[in-house]
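# Remarks on the overall topology
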Amino acid sequence: MRKIGIGAFEDINKVVEAAREAVSDEIFVVIYAPDGTHVSAGDGLQYHISPDPAKALIDALLSGTIDGAVRGTLPSGTTLRYLREAASVNHLERIAVLETPKKRKFLLTPVGIDEGWTIGDKLKLARNAQELAERIGIDTTIGILSGGRLGDIGRNVNVDRSLAEAELLARLTGGVHSEILIEDAARKYGIVIAPDGISGNLIFRTLVLLGLGGSHGAPVVNIDVTFVDTSRASVNYGNALRLAASLVKNK
């Protein structure tokens, strides 16, 4: 039995529904919610009510009280900042587990607007993505995106730099430079490396929040515990809870 915590700062009913869906003989869910939250007795779930549910969730994760954690609807800024400080790292590296509308899973990184801004950063993310892909049974091939096609060289200095960086990163990782063709990369490769965190975040939001794609959350890969980041705009957190439990099992 793996005990997974999930945060519920708003949309408590959405979190409760996901928890009920995810609970099984192998997964036990604890919902971390703020003071004043109404708890339905006898619904088979455990609740931890706290004035600071983000701190309570992360403290429980780091102390081993729970085996894994999902951000749920907790605020991104304060929650991730506390996780970073409590885990003693100067930044967090996240890799999103996504699905195309045709249910093909792939990993996307960087997805944080402050992540993946150097070749070194993206190289490290690519290596971590391959390790994550192996753990959850996804193809480990890598497609590198850039800001244009190779035929666009000379049109804009920023595009030229993006193309050159993607070519270099493809050589360093053994991946393939997919140019700007995200539609091909998501169909062909298990891992897609975006040009930077802003474009990666836009790809995620377009696929999941505007399109018909799906998200299983974004595990943080540079800390020693299992924490799956999620968007508060996500429709369902059941996938993220199951992913966290799977990562704990395959740790």
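The structure reproduced in this document is the subject of the present report. (Residues numbered from 1 in each chain as written. Predicted model: local features only at pLDDT ≥ 70, side-chain atom pairs only at ≥ 80, totals over all residues. Heavy atoms only, no water.)

### As for the overall build of the protein
Applicable threshold: Numbering of helices and strands runs from the N terminus; a helix is a DSSP stretch of H or I covering at least four residues, while a strand is a stretch of E covering at least two. In this setup the radius of gyration rests on C-alpha atoms only. A globule is expected at 2.2 Å times the number of residues raised to 0.38. Type-normalised accessible area, obtained with a 1.4 Å probe on protein chains alone, sets the label of each residue: buried when under 20%, exposed when over 50%, and partly exposed for intermediate values. By the convention used here, residues are in contact when the closest approach between their heavy atoms is within 4.5 Å. None of His or the chain ends enter the tally, which takes Lys and Arg as positive and Asp and Glu as negative. Charged groups are reduced to one reference atom each: NZ for lysine, CZ for arginine, CG for aspartic acid, CD for glutamic acid.
Scanning the protein for helices and strands turns up 8 helices and 12 strands. The globule rule puts the C-alpha radius of gyration for 251 residues at 18 Å, and the 19 Å found for the protein is close to it. When each of the 251 residues of the protein is scored for burial, the buried share is 51%. A fraction of 69% describes how many contacts in the protein between residues 6 or more apart in sequence connect residues 24 or more apart. Side chains of the protein give 28 positive and 30 negative charges; the mean places of these two sets differ by 2 Å.

### Considerations on the sheet that holds strand E1 (residues 2-7)
For clarity, the cut-off: Pairs of strands are assigned from DSSP output, requiring at least two bridges between the strands.
An order of E3-E2-E1-E4-E12-E11 is seen for the 6 strands of this open sheet, with the pairing classed as mixed. For this open sheet the edge positions go to strand E3 (46-50) and strand E11 (218-219), each flanked by a neighbour on one side alone. Inspection of the sheet shows E11 paired to strand E12 (residues 226-229) by 2 bridges, in the antiparallel sense. Bridge pairing links Pro 219 to Val 228 in E12.

### So, the packing of helix H4 (residues 119-136) against helix H5 (residues 157-173)
We apply this condition: To define axes, lines are fitted to C-alpha atoms, for helices over the stretch in contact only, and angles between the resulting N-to-C directions are given on a 0 to 180 degree scale. The scheme is simple: roughly parallel for angles under 35 degrees, roughly antiparallel for over 145, roughly perpendicular for 65 to 115, oblique for anything else. By the definition used in this description, the sense in which the near helix is turned from the far one sets the handedness, with an anticlockwise turn below a right angle giving left-handed and a clockwise turn giving right-handed. The residue classification treats Ala, Val, Leu, Ile, Met, Phe, Trp, Tyr, Cys and Pro as nonpolar and Asp, Glu, Lys and Arg as charged. All others, Gly included, are polar.
With their axes 10 Å apart at the nearest point, H4 and H5 run at an angle of 40° to one another. Classified by the interaxial angle, the pair formed by H4 and H5 is oblique. For H4 against H5, the interelement crossing comes out right-handed. Residues Ile 119, Lys 122, Leu 123, Ala 126 and Arg 127 of H4 lie in contact with H5, whose contacting residues are Glu 165, Leu 168, Leu 169, Leu 172 and Thr 173. Across the contact of H4 with H5, the residue classes break down as 6 nonpolar, 1 polar and 3 charged.

### Focus on the sheet that holds strand E9 (residues 191-193)
One open sheet accounts for 6 strands, arranged E8-E7-E9-E6-E5-E10; its pairing is mixed. The open sheet terminates on both sides in strands that have one partner only, identified here as strand E8 (176-179) and strand E10 (214-215). With 2 bridges connecting them, strand E5 (residues 96-99) and E10 associate as antiparallel partners. Across the sheet, the residue bridging to Glu 99 is Gly 214, located in E10.

### As for the pattern of salt bridges
In plain terms, the rule: Take a side-chain nitrogen of Lys or Arg and a carboxyl oxygen of Asp or Glu: if they are within 4 Å of each other, that pair is a salt bridge.
In the structure shown here, the tally under the stated rule is 12 salt bridges. In this structure, the salt-bridge partner of Lys 122 is Glu 165, at a minimum N-O distance of 3.5 Å. In this pair, Lys 122 is assigned in helix H4 and Glu 165 in helix H5, connecting sequence segments 43 residues apart. The network of salt bridges with shared partners includes Arg 71, Arg 94, Glu 115 and Asp 229.

### Digging into H5
Keep this limit in mind: Under the convention used throughout, the expected extent of a helix is 1.5 Å for every residue step, that is, one less than its residue count. As used here, the arc belongs to the directions running from the helix axis to the C-beta atoms. The term polar contact refers here to a pair of N or O atoms within 3.5 Å; inside protein, the definition further demands a hydrogen-donor-capable atom paired with an acceptor-capable atom, and it admits residues adjacent in sequence only when both atoms are side-chain atoms.
An ideal rise of 1.5 Å per residue puts 24 Å on 17 residues; H5 measures up with 24 Å between its terminal C-alpha atoms. Looking only at H5, the buried set comprises Val 159, Ser 162, Leu 163, Ala 166, Leu 169, Ala 170 and Thr 173. Down the axis of H5, the buried set is contained in an arc of 130°. They therefore lie on one face. Across H5 from its buried face, at more than 90 degrees, point the exposed residues Val 157 and Arg 171. Where H5 begins, the side chain of Asn 156 points an oxygen toward the backbone nitrogen of Asn 158, at a separation of 2.7 Å. Positive phi shows up at Gly 174, right after H5, with a value of about 80°.

### Considerations on unusual backbone geometry
Backbone torsion omega between Thr 109 and Pro 110 reads -10°, so that peptide bond is classified as cis. Take Pro 110: it is sitting in the loop between strand E6 (105-109) and H4. Phi is positive for Lys 103, which is not a glycine, with a value near 70°. The topology assignment puts Lys 103 in the loop between E5 and E6.

### A word on the nonpolar core
Considering soluble globular proteins, one finds that nonpolar side chains tend to be buried as a cluster. We count it as follows: Throughout, nonpolar core names a set of buried Ala, Val, Leu, Ile, Met, Phe, Trp, Tyr and Cys residues whose side chains join them through atoms within 4.5 Å.
Ranked by internal contacts, the top residues of the largest apolar core, which has 40 residues, are Ile 4, Ile 6, Ile 31, Val 70, Leu 107 and Leu 241. For this core, the secondary-structure elements that each account for two or more residues are E1, helix H1 (12-22), strand E2 (27-34), H4, strand E7 (142-145), H5, E9 and helix H8 (238-249). Examining the composition of this core, we find that 7 residues originate from one element, H8, more than from any other. The residues contacting Ile 31, other than those within four sequence positions of it, are Ile 6, Ala 8, Ile 12, Val 15, Val 16, Ala 19, Leu 45, Gln 46, Tyr 47 and His 48. Ranked by size, the runner-up nonpolar core spans 18 residues in total, among them Leu 61, Ile 66, Leu 74 and Phe 227.

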